[in-house]
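Overview (structure and organization)
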Amino acid sequence: MSLAQVHYTSSAPGDEGATGGRFTAVGPGVSGALLAEIEPLVRYELPGGVPDRPSDGELRSLPQAFGYFALSDGSRLVARSAPVRDTGGGSGPGVRFHAHAVHLPPGVPLPGDRLPVEAWRSPHWVAVTPGGAIPDPLTLPPGPAAVSEGLDDFAVSRGPWLAAVLADLRRASDAETAGGRPVALVERQCADVARWLGLASVTLPRESAERLTFTTYTRRPGSSTARVVGVGPEDAAAARAAGLRVHACAGQAPAGGTDDVWAATAARVWRSRSPQLFREARELPGEPFAAGPLAVTALCAGITLGPDGRAAAAGWASERPYALDAKRTGQLVEAIASPGVDDRTGLEFDAAGRLFGALEGRCPASVTAPLAAMLVTEAVRGGNGSLELPRPDAFAGPEGAAVAQRLGPEILTELGDTVGSRSVARTVQLLRVARLLGVDGTESLPGAVDRLAPALLTEASAAHEGLPGFAPALLELLDEQFEVRTALLGALDRIAPEDPGAVARFLERVRLPFTGTQALPHLRMCAEAPGAMATLGGDRKAAWHRVLRAAGLSPFAEPLVLRTAVGLVWEDRAPTVAEARLLLDAATSDSHRVAGTWARLVDAALGASGGSSASSADEAAELAHDLLRGFPEEMGGRERAGLLLLDLVRELRAGAPEPGWSERVRTLCAQAEPVEPALREQAYAALVERLLAPDRPGAELYDFVHGEDAGLIAAYDRTARTETVRTRLRTQPAYAADCFTVWTAHPHAGRAWPPVAAALLDDVLRPAVRGMSAEAVAEVEATVGRTGSSGRADAFRAWNRTSALGRLGRRIAGRVRRG
């Protein structure tokens, strides 16, 4: 079909509105509304500094605006606006412009199915309005268009900008990002902008290139509707101010690159002068701008790529191992595993590992052997613990022997190192590679496992939740190598008594295999503990029995199971007295001594010494007595003093302690500092209860009164005011007489005792005597005289008379007030 052509000419120089123009010819089917839309697209502005009367050479050097635009009705416009000499005279610059455009209705392709940029050098563009029909400038002769010539040289000359520009041109052609920022290409010659578009037409898929609207020259980049605009250096600042993505290809080379792997790979293809590879890559499966197909094609053609390109190629091929024939598969493996490459990254190695896994079994071992050797070498020398290792049969033949001879000494040296730091993943990887290559590591295995076992707990604890990263490789190692599994489980079993809680938490997250004939009592207990604690709730006694049964050994035969069981059930707390009694009775003192669990029993006794009930306090005192008898040499310092204090409490309440009670309480409290307040209070209470008893020795009371211990005297005061003592005073005249004697016998015993004794006489004894019968008061008086002296009896009568007179006076005063 014949396409409508449009001609537009600028106004004559010197005319009003000289930047305007008029349509001089319009083909059929182009409406007035479209002409209004086309007019701003074809207008032309001269660059700055044009001479008033340019020479022919200067006129030819002026830029031409060649553009491809999308119109609102879905049609398209291909146009060229060129400066021409004005032949009509006048005082202007002597230059006008003429625009020649071709209108493409919606859905109509260019003749010959060409791309718009190919019409850049068409010989049918005219600079004057024709008098009759002229050839369609889009009807190009067969063969490559003139714009395609020299693209290789141009691409090489623009090497520093190539990847970044191609990345932006790809984004500009994307239909989904059509609303994004346009791209401005800053070139001194508009022909170079056209060459950039020629590069894009070869590099991009056909549908993307057709969406790429452009103009090779404009003075107003901010108002252009094209996705790509060419500007001269003088208008670069305006393009940046308008928010365009500016590439100053006419200036200094950029310092950085691009993270677009597809664009970087395409740039390498152009610099290698191999544009035919773009067509080959598009024949491979994958997304239009996926880097994998292009990278595979480039590597198979011998083009050197960076680590990202190689990783993309390996990743793509690992997902589609069937897409390449045997020849190209071999070429790809050879390029990826080339020994001359020294910039590989972890991502590339991971992709190469996936590729090896996909090709293994599909290709002969001779094809995949270089890839396997590269992966194993990286596992040893690069420390990449995440690599998927090949199977042993990947190294059958001389390739395996060569790799083993090269890497074996390095593996053994590192496994034998017991000083430096080494992660779990690294140790596991070395052990797996050693087996893979047939390296004999028997001598280094014990030391490597002894380092590996505690590292497992440390790294798992640092990982907090979920499966630790090293777990899959570790479980594969234990499944592959029986001797490593045996040694590692044994090492974990040996260290479990030191921190059984950490081992239990580790086993709860990483299910190690306990099959076989190994006893592993501590590991079995650690594996049993979480379930026991969860199902039995707070019943720690039941959990203790269940965990201990899981060991399969008696504490008498293996005392360390005591330590493991106690650490599992009472990890972060001390046992109660009843639980401690259970532990103490579960084994001999020798077993507890070997296991070190006697310290937990001491904590239980001291921690429960201030129990809320008298029975729990008595139980703690009994436990302390048994611990002192069972472990006389093990404990010292404040713990021993605390137990001795508890034992003294037991003697004060139930037996006949050695003399010197007050002094012993004071001394033991000082030795047990910082003593628990509840323990101190219990000791004071036991002492003063005995001192308030009728049968206490006088010497003990004398030592107490003259000891000047304010805390003890305050405890005595509190106990003397209890209802028990008050009742005894009211009902037992002999006891009342004894208390009167004690509370009046030491009036000058320091500063702490006299005011307390006086207060007890007034506040406690006087109310008790006041409530007695006359016979009982006489008995108190007689007892005071009998146990003391006549002077003491006179003192009691005087004290009691004062009390009686006080009562009598109060009664008289009451009657007077009533009268």
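Residues numbered from 1 in each chain as written. Predicted model: local features only at pLDDT ≥ 70, side-chain atom pairs only at ≥ 80, totals over all residues. Heavy atoms only, no water.

Details of the overall build of the protein
We count it as follows: Helix and strand definitions follow DSSP, with helices as H or I runs of at least four residues and strands as E runs of at least two, each counted in order from the N terminus. Computation of the radius of gyration draws on C-alpha atoms, with the globule rule given as 2.2 Å multiplied by the number of residues to the power 0.38. Categorising residues by exposure relies on relative accessible area from a 1.4 Å probe, with only protein chains included: less than 20% of the type maximum marks a residue as buried, more than 50% marks it as exposed, and the intermediate range marks it as partly exposed. Accessible surface area values rest on a Shrake-Rupley calculation with a 1.4 Å probe, where residue burial reflects the displayed protein chains alone.
Of the regular secondary structure elements, the protein holds 37 helices and nine strands. Taken over the C-alpha trace, the protein has a radius of gyration of 51 Å; the compact-globule value for 819 residues is 28 Å, which it surpasses by more than 25%. A principal-axis box enclosing the C-alpha atoms of the protein has dimensions of 160 × 95 × 40 Å. A burial count over the protein gives 49% of its 819 residues as buried. With the model as given, the accessible surface of the protein reaches about 37100 Å², and the carbon-plus-sulfur share is 52%.

Side note on helix α4 (residues 159-173)
Formally: Here a helix's expected span is defined as the number of its residues, less one, multiplied by 1.5 Å.
Taking 1.5 Å of rise per residue, the 15 residues of α4 would be expected to cover 21 Å, and the 21 Å separating its terminal C-alpha atoms lies within 8% of that figure. Of all 15 residues that make up α4, twelve are buried, and the element is covered over most of its length. When we look at burial in α4, the residues that qualify are Gly-159, Trp-161, Leu-162, Ala-163, Val-165, Leu-166, Ala-167, Asp-168, Leu-169, Arg-170, Ala-172 and Ser-173.

Here we look at the packing of aromatic side chains
Under the convention used in this document: Aromatic pairs are defined between Phe, Tyr and Trp rings, using the six-membered ring for Trp, whenever the two ring centres lie within 6.5 Å; interplanar angles under 30 degrees are classed as stacked, those over 60 as edge-to-face, and all others as tilted.
Scanning the model with the defined rule gives 19 aromatic pairs in all. Note on Tyr-68 and Phe-214: the rings are 6.0 Å apart at their centroids and 40° apart in plane angle, and the pair reads as tilted. Taken as a pair, Tyr-68 in strand β3 (residues 65-70) and Phe-214 in strand β7 (residues 214-215) lie far apart in primary sequence, 146 residues in all. Across the pair, Phe-214 and Tyr-68 agree in class, each one buried. Aromatic pair Phe-740 and Trp-799: ring centres 5.4 Å apart, planes at 50°, arrangement tilted. You can see Phe-740 sitting in helix α34 (residues 733-745) and its partner Trp-799 sitting in helix α37 (residues 790-818), a full 59 residues away along the chain. Looking at Trp-799, the relative accessible area reads 12%, which means it is buried.

Looking at the pairing of strand β6 (residues 183-186)
Filter applied, for reference: Pairing between two strands is assigned when DSSP locates at least 2 bridges connecting them.
With burial as the criterion, each face of β6 is covered, one bearing Val-183 and Leu-185 and the other bearing Ala-184 and Val-186. Looking at chain direction, β6 and strand β8 (residues 228-231) are connected through four bridges and run parallel. Bridge assignment links Val-183 to a residue of β8, and that residue is Val-228. Alignment of β6 against strand β9 (residues 245-248), held across four bridges, turns out to be parallel. By the bridge assignment, Val-186 is partnered in β9 with Ala-248.

Some points on the side chain of Ser-201
The condition that has to hold: Polar contacts, as used here, are pairs of N or O atoms within 3.5 Å; protein pairs need one atom able to donate a hydrogen and one able to accept it. Residues neighboring in sequence count only if both atoms are side-chain atoms.
With respect to the secondary-structure elements, Ser-201 resides in helix α5 (residues 190-203). Under the relative-accessibility criterion, Ser-201 is labelled buried at 19%. At a separation of 2.7 Å, a polar atom in the side chain of Ser-201 contacts the main-chain carbonyl oxygen of Gly-198.

Quick word on the packing of helix α14 (residues 365-382) against helix α16 (residues 424-437)
Any two packed helices are characterised by how steeply their axes cross, that is the angle between the axes, and by the distance between the axes. This is how it is decided: Axis definition: a line fit to C-alpha positions, over the contact stretch in the case of helices; interaxial angles, taken between N-to-C directions, run 0 to 180 degrees. Should an angle lie under 35 degrees it is considered roughly parallel, over 145 roughly antiparallel, and from 65 to 115 roughly perpendicular; all remaining angles are considered oblique. What makes a crossing left-handed is the near helix being turned counterclockwise from the far one by less than a right angle; a clockwise turn instead makes it right-handed. Any two residues whose heavy atoms approach within 4.5 Å at even a single point are treated as in contact. Charged means Asp, Glu, Lys or Arg here, nonpolar means Ala, Val, Leu, Ile, Met, Phe, Trp, Tyr, Cys or Pro, and polar covers whatever is left, Gly included.
Contact pair α14 / α16: the axes reach a minimum separation of 10 Å and the direction vectors enclose 140°. What the angle tells us is that α14 and α16 run oblique. The handedness of the crossing between α14 and α16 is left-handed. Here Val-376, Ala-379, Val-380 and Arg-381 of α14 come into contact with α16, specifically with Arg-426, Gln-429, Val-433, Leu-436 and Leu-437. Within the contact of α14 with α16, the residues separate by chemical class into six nonpolar, one polar and two charged.

Examining the pattern of salt bridges
Where we set the bar: We define a salt bridge as a contact between a side-chain nitrogen of Lys or Arg and a carboxyl oxygen of Asp or Glu at a distance within 4 Å.
Across all of its chains, the model carries 42 salt bridges by this definition. Among the salt bridges present, the one from Arg-171 reaches Asp-168, with a minimum N-O distance of 2.4 Å. Pair noted here: Arg-171 and Asp-168 are both in helix α4, with a separation of three residues, about one helical turn. Of the residues examined, Asp-168 reaches a relative accessible area of 2% and is grouped as buried. Look at the salt bridges and you will find they share partners, linking Arg-158, Glu-187, Asp-192 and Arg-195 into a network.

Describing the environment of Arg-96
For Arg-96, the location among the structural elements is in strand β5 (residues 95-104). Along the sequence, Arg-96 and Gly-791 sit 695 residues apart, while their C-alpha atoms lie 145 Å from each other. Within polar-contact distance, the side chain of Arg-96 engages the backbone oxygen of Ser-10 at 2.5 Å.

Focus: helix α21 (residues 521-536)
Under the convention used in this document: For a residue, the bend is simply the angle between two axes, fitted respectively to the seven-residue segment ending there and the seven-residue segment starting there.
Over its 16 residues, α21 runs 21 Å from end to end, which matches the ideal 22 Å to within 8%, given 1.5 Å per residue. The largest bend along α21 measures about 35° and falls at Glu-528, with the proline Pro-530 one to four residues further on. What α21 keeps buried is the set Pro-521, His-522, Leu-523, Met-525, Cys-526, Ala-529 and Ala-532. Looking at the packing, one finds that the buried side of α21 touches α19 (482-495), α20 (500-509), α22 (540-551) and α23 (560-569). Looking one or two residues past α21, Gly-537 carries a phi angle of roughly 65°, positive in sign.

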